[in-house]
Amino acid sequence: LTQGNKSIPGRLKKNGMVVIAVNYRLLPKVAISECLDDAAASVAWAFREVEKYGGDKNKIFISGHSAGGYLTAMVGLDKRWLKKYDIDADSIAGLIPFSGQVISHRKMNGIDNLQPTVDEFAPLFHVRKDAPPLVLITGDRELELFGRYEENAYMWRMMKLVGHKETFLYEIGGHGHGPM
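Residues numbered from 1 in each chain as written. Predicted model: local features only at pLDDT ≥ 70, side-chain atom pairs only at ≥ 80, totals over all residues. Heavy atoms only, no water.

Peer 1: Would you mind showing me how to read unusual backbone geometry here?
Peer 2: For residues besides glycine, phi is generally negative; the peptide bonds are generally trans as well. Across the junction of Leu27 and Pro28, the peptide omega takes the value 5 degrees, indicating a cis bond. Relative to the helices and strands, Pro28 resides in the segment before α1 (32–49). Despite not being glycine, Ser99 has its phi angle at roughly 50 degrees, a positive value. Positionally, Ser99 belongs in the loop between β2 (94–98) and β3 (134–139). Despite not being glycine, Phe146 shows a phi value in the positive range, around 40 degrees. The topology assignment puts Phe146 in the loop between β3 and α4 (148–161). (Helix = DSSP H or I, 4+ residues; strand = E, 2+ residues; numbered from the N terminus.)

Structure, rendered in structure tokens:
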């Protein structure tokens, strides 16, 4: 949420899919709510425009890595972000965060990297039975950042406990946060 530019992975470019990569405003120049709003506006744009590019608005999957994974989970689980754009988050075909943080994002509000926080800005705060399918993917638990595998495993467990039947957790052995 503090740096970088988004891109489309090469393997997705020629597979008959409409793939959209978006940037968002970065911390600390804006508040976390503005990052989330940028992500929601992008998803809303996809719902409105995808058919112009040969896509199907009933088959929109949201994905991202690291901060993008965090934004993916927040936009899909906390329905208020898309509601502003008259989109029901439950119309997303699936959420696929790669190494996404599911506690509050540590780079916001001066939260230390080792201080777990679950508040309204944490995907874990928004577990719900009726969410879109959720595929949580992390790197190897011994190589990942700051307990990222464990927090995703906890998210998987809590989604199961609230009755969400389509939550899955995958660990990519031998790969850390970046190379995953």
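Peer 1: Help me out: how do you make sense of the side chain of Thr167 in this one?
Peer 2: Structurally, Thr167 is set in strand β4 (residues 167–172). For Thr167, a relative accessible area of 1% corresponds to the buried category. (Buried < 20%, exposed > 50% of the residue type's maximum accessible area, 1.4 Å probe, protein only.)

Peer 1: I would appreciate a short explanation of α4 in the present structure.
Peer 2: Residues separated by three or four positions in an α-helix point in the same direction, a consequence of the helix having 3.6 residues per turn. Helix length check: α4, at 14 residues, gives a terminal C-alpha distance of 20 Å against a target of 20 Å (1.5 Å per residue), a fit within 8%. Among the structural elements, α2 (67–77), β3 and β4 are those in contact with the buried residues of α4. Just past α4, the residue Gly163 takes up positive phi, approximately 100 degrees. (Expected span 1.5 Å × (residues − 1). Contact = heavy atoms within 4.5 Å.)

Peer 1: Quick question: what am I supposed to make of α1 here?
Peer 2: Compared with the 26 Å implied by 1.5 Å per residue over 18 residues, the 26 Å span of α1 between its first and last C-alpha is a close match. Within α1, 13 of the 18 residues are buried, which leaves it mostly tucked inside the rest of the structure.

Peer 1: Any chance you could explain a nonpolar patch on the surface here in plain terms?
Peer 2: A cluster of nonpolar residues, Val18, Ile20, Val22, Trp45 and Tyr53, forms a patch on the protein surface that exposes about 430 Å² of accessible area. The topology assignment puts Ile20 in the segment before α1. (Patch = residues over 30% accessible without salt bridge, like charges linked within 9 Å, V, L, I, M, F, W, Y side chains within 5 Å. Areas by Shrake-Rupley, 256 points an atom, 1.4 Å probe, with all protein chains shown as cover. Salt bridge = Lys/Arg side-chain N within 4 Å of Asp/Glu carboxyl O.)

Peer 1: Honestly, the packing of α1 against α2 in this entry has me stumped. Any pointers?
Peer 2: Two quantities define a packed helix pair, namely the angle between the helix axes and the distance between the axes. It is the contact of α1 with α2, at a shortest axis distance of 10 Å, that shows an interaxial angle of 75 degrees. Taken together, the axes of α1 and α2 are roughly perpendicular relative to one another. Within the contact between the two elements, α1 uses Ile32, Cys35, Leu36, Ala39, Ala40 and Val43 and α2 uses Tyr70, Leu71, Met74 and Val75. Looking at side-chain class alone, the contact of α1 with α2 contains 10 nonpolar, no polar and no charged residues. (Axes fitted to C-alpha atoms, helices over the stretch in contact; angles between N-to-C directions. Parallel < 35°, antiparallel > 145°, perpendicular 65-115°, else oblique. Nonpolar A, V, L, I, M, F, W, Y, C, P; charged D, E, K, R; others polar.)

Peer 1: Help me understand the side chain of Thr72 in this model?
Peer 2: Within the fold, Thr72 resides in helix α2. The class for Thr72 is buried, based on a relative accessible area of 3%. Apart from residues lying up to four places away in sequence, Thr72 is in contact with Ile62, Ser63, Gly64, Leu95, Ile96 and Pro97.

None of the figures reported here should be taken as evidence of function without further support.
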